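Descriptive structure summary
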Amino acid sequence: MKIIHTADVHLDAKCVRHFPPKQAKERRDELLLTFLALIKTAAEQGVEAIIIAGDLFDGVKVSATARDAVLSAFKNNSEITFYYLCGNHDALNPAELFGEIPANVKLFGNGFTSYELTGSDGESVVITGAEAVGTDSAVLASSLLLDHAKCNIVVLHGQETAGSGAGEKEVIPIRSYRNRGIDYLALGHIHAPKSEKLDARGIYAYCGCLEGRGFDECGVRGYRLLTVQNGQITEEFVPFAGRTMWELSVPVTGLYTSEEVIEKARELARVQGIKENDMVKLVLCGEKDLDAEIDADYIGKTLFEDWHFVKASDRTTAYTDYSRFRLDPTLRGEFVRNIEEAASRGELTEEEAGKMIRLGVRLLAGEERLS
Amino acid sequence: MRIIGIHIENFGRLSNCDLTFDTGLNTVIRENGWGKTSLAAFIRAMFYGLEGERKHDLKENERLRYQPWNKGHFGGSMKFEAGGRCYIVTRDFGEKDRNEGFRLQDAETLLDSTDYSERLGEELFHIDREAFGRTAFLNHASVLYNGGGSLPGDSEGTEAGAEDLNRYGIADEQLKNYLNENSPTRKTGRIYKQKEEIRTSEQELKRLAPLKERIEGLLSERTKEEEQLKSVDGELSRIRAEQKTLAAFRTEAVLHKQREQQKGYLQQCLKKVRMTEEEFGGTVPSADDVRRAKEDAERILRLESILKEDTENARYLELSGFFRNGIPDGEEIIEQIRLTNEVQNILRDEELMREQLLDAREQEQTLAEQAEEWQQKKHIFGIWPVLSVLFFAGGAFLAAALLFHKIPKKLYDSAFFGCVLLIFAFIFSLLQIIRRRKNYEESGRAIEERAEEGRIRAEKTEKRLNELMESAEAKKTEVADFLKRWELSPKDGEEEALLYDVKSRAEQFRSLSEEEAVRVRKREEKLSEKREAEVTLRERLAVMGAPGGLSGPESILDYLGETGERLNRLSHEKENAAAAELQLSAFNAEHPEEPGKILFSEEQIAGREKDLNSEEAAAAEKEKQMRESLSARSRELFDAYSEQDSLEETADRLSALKEEEALAQEQYLIVKKTREYISMAKDRFTARFMEPIKTAFDRYYALLSGRENGGEEFRIDAGLRIERKEEGAFHAAEAQSDGYSDMIGLCIRMAILDVKFTREKPPVIMDDPLVYLDEGHLEGAKEFLRKISEDYQVIYMTCHGDRA
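Residues numbered from 1 in each chain as written. Chains lettered and ligands numbered in written order. Predicted model: local features only at pLDDT ≥ 70, side-chain atom pairs only at ≥ 80, totals over all residues. Heavy atoms only, no water.

1. Here's the deal with a nonpolar patch on the surface
Residue and element names in this part refer to chain B. Formally: For patch detection, residues must exceed 30% relative accessible area and be free of salt bridges, and they are connected within 9 Å for like charges or within 5 Å for nonpolar side chains (Val, Leu, Ile, Met, Phe, Trp, Tyr). All accessible areas in this document rest on Shrake-Rupley with a 1.4 Å probe, and a residue is counted as covered only by the protein chains that are shown. Note on definitions: salt bridges are taken to be side-chain nitrogens of Lys or Arg within 4 Å of carboxyl oxygens of Asp or Glu. Strands are runs of DSSP state E lasting at least 2 residues, helices are runs of H or I lasting at least 4, and numbering of each runs from the N terminus.
There is a patch of nonpolar side chains on the surface, built from Phe392, Ile423, Phe424, Ile427, Leu430, Leu431 and Ile434 and spanning about 650 Å² of accessible area. No other element matches the 6 residues that helix α12 (residues 409-484) contributes to the nonpolar patch. Tracing the backbone through its elements, the reader meets isoleucine 434 in helix α12.

Written out as structure tokens, the structure is:
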């Protein structure tokens, strides 16, 4: 029997923090399309259950498109049982949101609720879950009772904690779930995939979000595929995101033109396996020589041809060779020498000094336009 | 510092070239193309290495430009004195800068020295390559003072210092504008606006914490209400459960009633079965017995019918009568038919022969008539000779008459001729008559012969006919005698038809005789079968207990039909009883009878139902109110979540805004400090360099031009931009003639060197810088060279002896 563990889909997330409005809208649409594609894939591969460990929607403002599409997908795939546990972002009660709950959608409440699932191959598993919103995490953990003789999956949504969770809400005290008969602890809330041993018997895993919503969610994203065989659960992470978010750091030290930086970025992208369809945050780093003509905006715009979306930022430090100006009998020389003296006195940091020199020297050379 | 000597291995066109230099002025006079520019470049390269590594232009990339023409080893060495010590610097330039080799040796010990590194020029003169190029290194191309680098090769900021000082105003303006536009204190400043927006957002976000608390409160209230609702739902469930129990009681009552009804029905069915069995009078025959007996009776009936219909064939009887005198065999009849056919043939021949006989008689008659006619015509030939003689005699008489009666002569010839003709005619006629008579006689004899032959043939035919007729009569008699055996008297011509009829009857009779034999045999069999069936039927009826007195299969069949119907009825009643029993069993299985269970009456149930309905209505109303309250709470929660969403969006925006503002602040501070430091640099720069430079410039200009009023003639700004006063107004140096420009260039360079190098002076390398100077200034230029060579080692290269 195959089961998919997904979470943190965040449908209808605004995505405005990292993208301009047009790309934000496109990304919103892609979140929905990827979720629907996941269900289609599950149906094609004979997956019998999909566990949604919270945050299917991003908030209270759910578009009719997303709502109707999700409900239709639930209804049209009646051979799949959906175990939908609401997360902290799922502000709306599913019954209120959808107006109806299809028979193949199982919900969880504030206390632990269990469902027994028997697959077409005769394998059986008990899926137990509780929405941790508003409940003391330690109390919730202590209320879990499982039949150790059965194969158990427990679904929760929250931040893992090493503590007991006493007095805390929406956290998952991992240690409190040890030796409780759990074979697989399906978690949601953390957007990066993670899987670790829970105890001698089971593991706990965050499947991560299905698609990155911004450059704070870089890296491969997907779902976890669980296989139940002979009462044992094995799991694997399956990359599934339509696009991967990347933060590509390009050291510009020793480079003098934007073209050189573009070439370097392309080379690094090739090495890292960035694909045409991906979205890239390009971070220029290292030391930028005073004579270097490196324009982050231009580089970003040029590399738009290579990837689906590019956001370029300049985090370089200005490289300053003071000795070059020590003997310069010009105003620039005088300016640099003054800064060097101030820096040596500790009045300026090296970074400040570098930036000031770059700006001042280039302004005096007529090579800079402040805007 | 001074250069003592150089050894050029290979550098451009120069190869294996050694030169030594003294302190003061060193003049190198060589024709154009010798390599003076390469020599100057070599000396600079010894100090600073080659320049323009990243350039592609040959003129800008010295490594490319000065590659040895002879492809030999690229490099050389220079012996110099500095700080009271002599050194030898050796550089191998190679094809790339990474292949460049540098070696410094103490000239006395020839040991490697670390007093200076490969940045020898900067360490010796404390100026970089660019500054060295702008001051101590002058070639005819770069000496010109034009402020903007008007000549090729002068692009490397000949007057960079002046330019950047000139741009100070523009730069300061840009910095000021930026600071104003981005000011954190001005209301129009970008950072100020960002701060304001951040402040507003933060203010707005202060609502977030209480809002979250409110949401928690609402969630808590909703939970409580949900619990209360759960309690009401529990009560409602209890009432409905009781209603269900009552419904179950009602069901029980209904089931009991249904069970009793089914039991009654079963008893009725069983009673009917018993009654029907009694109708059989003790023995209930099996349906199989009845069926078999019925089959026997039907078979008897069928056999009787067959026997009844089985009679002798009428035709057979008729033919038996016809052939009572015996049946002719086939050959006999065929013989009679053959005789009949012969008679018929004779009769047909008779007719023909009679016709032939008639024809013969007619022919005979005709021939006889012809013979008679011939006999009559034969006499005509007896008249013809008489007539001929008479005719001859007439002619002869006529001739004699003519002869003797003296006829006129002229008629004599004619008469004679006429006579001759008559004689000839007489002869011819006679001959004709003889020939025709002969022919006529021959034909007459032929007719007579034919007439005789015809008569004989007719007689023969008649005889033959008579013979045939006799034969035919005899055969007819024989046939008639044959037919008389079966009392048949045929008329003429009917014999053959009758014979065939007899033949046909005989054959049919034979055939029917065989069929009749078969029929008789079968009839015997059927009779036997009927007798056996009758015995069997009687036995069966006896077994079935049939009443006596049943005679004939019809009455037996009537009896069996009634028995069969009764049996069917019995079977149907038994099935009904079995079905009723089965239905009762199924009913009991589904609703097991619980003996002793208390069953409530419908009245009791209805009374309790009424009470429960009232309770249920009250609880349902309460539930409805609570659901409405919960719904209102959910809407409230929805609004609160919406606001939280909006605030979180603001928080997101605020986060981005803060990042933006922090960057802007950082940039603002950098710009602000940059402005301060540029301003400070400008003040210092002006104070440190400008006055001494102007003084030195005036001195050198006076020396070069011979004019002492340079102090007023020239103006130098902080950007080292030089303007010359002419006709009451200052004009840029680059607007001057080439000669003036060069003079100004030489002077400003030497002025800068004087100001910059107060102790250790660098050597001054001059690559024909006076090329544009007119004759009038040559003396001054020579004096200028002599004067500067007092303080500097000057290596002056020219191709003009008069300028040395």
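2. Remarks on the environment of Gln432(B)
All names here are of chain B. Put simply, the rule is: For every residue, the accessible area (1.4 Å probe, protein chains only) is compared with the maximum for its type, and the residue is labelled buried under 20%, exposed over 50%, or partly exposed between those bounds. Pairing of N or O atoms within 3.5 Å defines a polar contact, subject to two protein rules: one partner must be a possible hydrogen donor and the other a possible acceptor, and residues neighboring in sequence count only if both atoms are side-chain atoms.
In this structure, glutamine 432 sits in helix α12. On the basis of relative accessible area, glutamine 432 is assigned to the partly exposed category, the value being 27%. Looking at glutamine 432, its side chain comes within polar contact range of the side chain of arginine 435, at 3.1 Å.

3. Comments concerning the nonpolar core
Operational definition: Throughout, nonpolar core names a set of buried Ala, Val, Leu, Ile, Met, Phe, Trp, Tyr and Cys residues whose side chains join them through atoms within 4.5 Å. The criterion used for residue contact is that any of the two residues' heavy atoms lie within 4.5 Å.
Counting residues in hydrophobic clusters, the biggest one holds 111 residues, and the most contacted among them are Ile3(B), Phe11(B), Leu39(B), Phe47(B), Phe80(B), Phe697(B) and Met766(B). The element that contributes the greatest number of residues to this core is helix α15 (residues 602-705) of chain B, accounting for 16 residues. Those residues in contact with Phe80(B) that lie beyond four places of it in its chain are Met1(B), Arg2(B), Ile3(B), Ile4(B), Arg85(B), Cys86(B), Tyr87(B), Val89(B), Leu104(B), Leu120(B) and Leu124(B). In this structure, Val60(A), Val62(A), Met245(A) and Leu211(B) belong to the second largest nonpolar core, which totals 57 residues.

4. Quick look at the packing of aromatic side chains
Residue and element names in this part refer to chain B. For clarity, the threshold we go by: Two aromatic rings, drawn from Phe, Tyr or Trp (for Trp, its six-membered ring), form a pair once their centres lie within 6.5 Å of each other, and the interplanar angle then sorts them: stacked below 30 degrees, edge-to-face above 60, tilted otherwise. The criterion for a charge sitting over a ring is simple: Lys NZ or Arg CZ within 6 Å of the ring centre, and within 35 degrees of the ring normal.
Counted under the stated rule, the structure contains 33 aromatic pairs over all chains. Between phenylalanine 697 and phenylalanine 714, the ring centres sit 5.1 Å apart and the planes meet at 75 degrees, which makes this aromatic pair edge-to-face. Residue phenylalanine 697 is found in helix α15, and its partner phenylalanine 714 is found in strand β8 (residues 714-716); the two are separated by 17 residues along the sequence. Measuring from centroid to centroid gives 4.4 Å for tyrosine 701 and phenylalanine 714, while their planes differ by 70 degrees, and the two rings are edge-to-face. Taken together, the positions of tyrosine 701 in helix α15 and phenylalanine 714 in strand β8 put the pair 13 residues apart, joining distant regions of the chain. In this structure tyrosine 701 comes out as buried when scored by relative accessible area, which is 0%. The exposure class of phenylalanine 714 is buried, given its relative accessible area of 2%. Here the guanidinium or amino end of arginine 44 rests over the ring plane of phenylalanine 137, the centre of that ring lying 4.4 Å away. Its guanidinium or amino end placed over the ring of phenylalanine 322, arginine 505 lies 4.2 Å from that ring's centre, counting from NZ or CZ.

5. A few points about the packing of helix α8 (residues 331-344) of chain A against α15(B)
The test is simple: Here the axes come from fitting lines to C-alpha atoms, over the contacting stretch only for helices, and the angles between their N-to-C directions go from 0 to 180 degrees. For this classification, under 35 degrees means roughly parallel, over 145 means roughly antiparallel, 65 to 115 means roughly perpendicular, and everything else is oblique. By definition, any crossing whose near helix is turned counterclockwise from its far helix by less than a right angle is left-handed, and any crossing with a clockwise turn is right-handed. Each residue gets one of three labels, nonpolar for Ala, Val, Leu, Ile, Met, Phe, Trp, Tyr, Cys and Pro, charged for Asp, Glu, Lys and Arg, and polar for the others, Gly among them.
Where α8(A) meets α15(B), the axes come as close as 8 Å, and the angle between the chain directions of the two elements is 120 degrees. Considering their axes alone, α8(A) and α15(B) lie oblique with respect to each other. Between α8(A) and α15(B) lies a crossing whose hand is right-handed. For the pair α8(A) and α15(B), the contacting residues are Leu331(A), Glu334(A), Phe335(A), Arg337(A), Asn338(A), Ile339(A), Glu341(A) and Ala342(A) in the first and Thr674(B), Tyr677(B), Ile678(B), Met680(B), Ala681(B), Lys682(B), Arg684(B), Phe685(B), Arg688(B) and Phe689(B) in the second. By residue class, the composition of the contact of α8(A) with α15(B) is 10 nonpolar, 2 polar and 6 charged.

6. A short note on the interface of chain B and chain A
Interfaces are often sized by the amount of accessible area the parts lose when they come together. To keep it simple, the criterion reads: Computed with a 1.4 Å rolling probe, the buried area is the accessible surface lost when two parts are put together, summed over both parts.
Counting residues at the interface gives 47 residues for chain B and 42 residues for chain A. With both chains or domains summed, chain B and chain A bury close to 4100 Å², and 59% of this area falls on carbon and sulfur atoms. The interface formed by chain B and chain A holds 5 salt bridges in total. Two residues, Lys169(A) and Glu216(B), come together in a salt bridge whose shortest N-O distance is 3.5 Å. Taken together, the links from chain B to chain A amount to 5 residue pairs in polar contact (both at pLDDT 80 or more). Secondary-structure elements contributing two or more residues to the side of chain B that touches chain A are α4 (129-134), α5 (160-181), α7 (208-279) and α15 of chain B.

7. Remarks on the sheet that holds strand β12 (residues 203-206) of chain A
Hydrogen bonds between backbone atoms are what pair the strands of a sheet, whose relative direction is either parallel or antiparallel. Residue and element names in this part refer to chain A. What counts here: At least two DSSP bridges between two strands are needed for those strands to be called paired.
Spatially, β5-β6-β7-β10-β12-β11 is the arrangement adopted by the 6 strands of the open sheet, whose pairing is mixed. The sheet is open, and its two edges are formed by β5 (113-118) and β11 (194-197), each paired on a single side. Neighbour-to-neighbour, the strand axes of this sheet turn through a mean angle of 20 degrees, independent of strand direction. Pairing of strand β7 (residues 152-157) with strand β10 (residues 184-188) involves 5 bridges; the strand directions are parallel. From the neighbouring strand, valine 155 faces β10, where its bridge partner is alanine 186.

8. Thoughts on the sheet that holds strand β18 (residues 309-314) of chain A
All names here are of chain A. Taken in spatial order, the 3 strands make up an open sheet running β15-β16-β18, and their pairing is parallel. If you trace the sheet from one side to the other, it starts and ends with β15 (245-251) and β18, each paired once. Neighbour-to-neighbour, the strand axes of the sheet open up by a mean angle of 20 degrees, direction not taken into account. Taken strand by strand, helix α5 (residues 258-272) contacts β15 and β16 (279-285), and its axis lies near 130 degrees from that of β15.

9. Quick word on the side chain of Glu661(B)
Residues and elements named next belong to chain B. Its place among the elements puts glutamate 661 in helix α15. The buried category is assigned to glutamate 661, whose relative accessible area is 11%. Among all residues touching glutamate 661, those that are not within four sequence positions of it are Ile191, Gln194, Lys195 and Ile198.

10. Considerations on the pairing of strand β14 (residues 232-239) of chain A
Bridging between strand β13 (residues 222-229) of chain A and β14(A) involves 8 bridges; their strand directions are antiparallel. Bridging across to β14(A), Leu225(A) finds its partner in Glu236(A).

11. Regarding the pattern of salt bridges
Residue and element names in this part refer to chain B. Considering all chains together, one arrives at 94 salt bridges over all chains under this definition. Between arginine 786 and glutamate 783 there is a salt bridge; the shortest N-O distance is 2.3 Å. With arginine 786 and glutamate 783 both in helix α18 (residues 778-791) and 3 residues apart, this pair spans about one turn of that helix. The exposure class assigned to arginine 786 is partly exposed, which follows from its relative accessible area of 40%. Assessed through its relative accessible area of 29%, glutamate 783 is described here as partly exposed.

12. Things to note about α5(A)
All names here are of chain A. Defined as follows: Multiply 1.5 Å by the residue count of a helix minus one, and that product is the helix's expected span. Working note: the arc is built from the helix axis to C-beta atom directions.
Counted at 1.5 Å a residue, the expected span for α5 with its 15 residues is 21 Å, and the 21 Å between its end C-alpha atoms agrees. Of the residues making up α5, those classed as buried are Ser258, Val261, Ile262, Ala265 and Ala269. Considered in projection along α5, the buried side chains sweep an arc of 100 degrees and stay on one side of the axis. Summarising the geometry of α5, the exposed residues directed more than 90 degrees from the buried face are Arg270 and Val271. Against β15, β16 and α6 (296-303) lie the buried residues of α5. Just beyond α5, the residue with positive phi is glycine 273, at close to 80 degrees.

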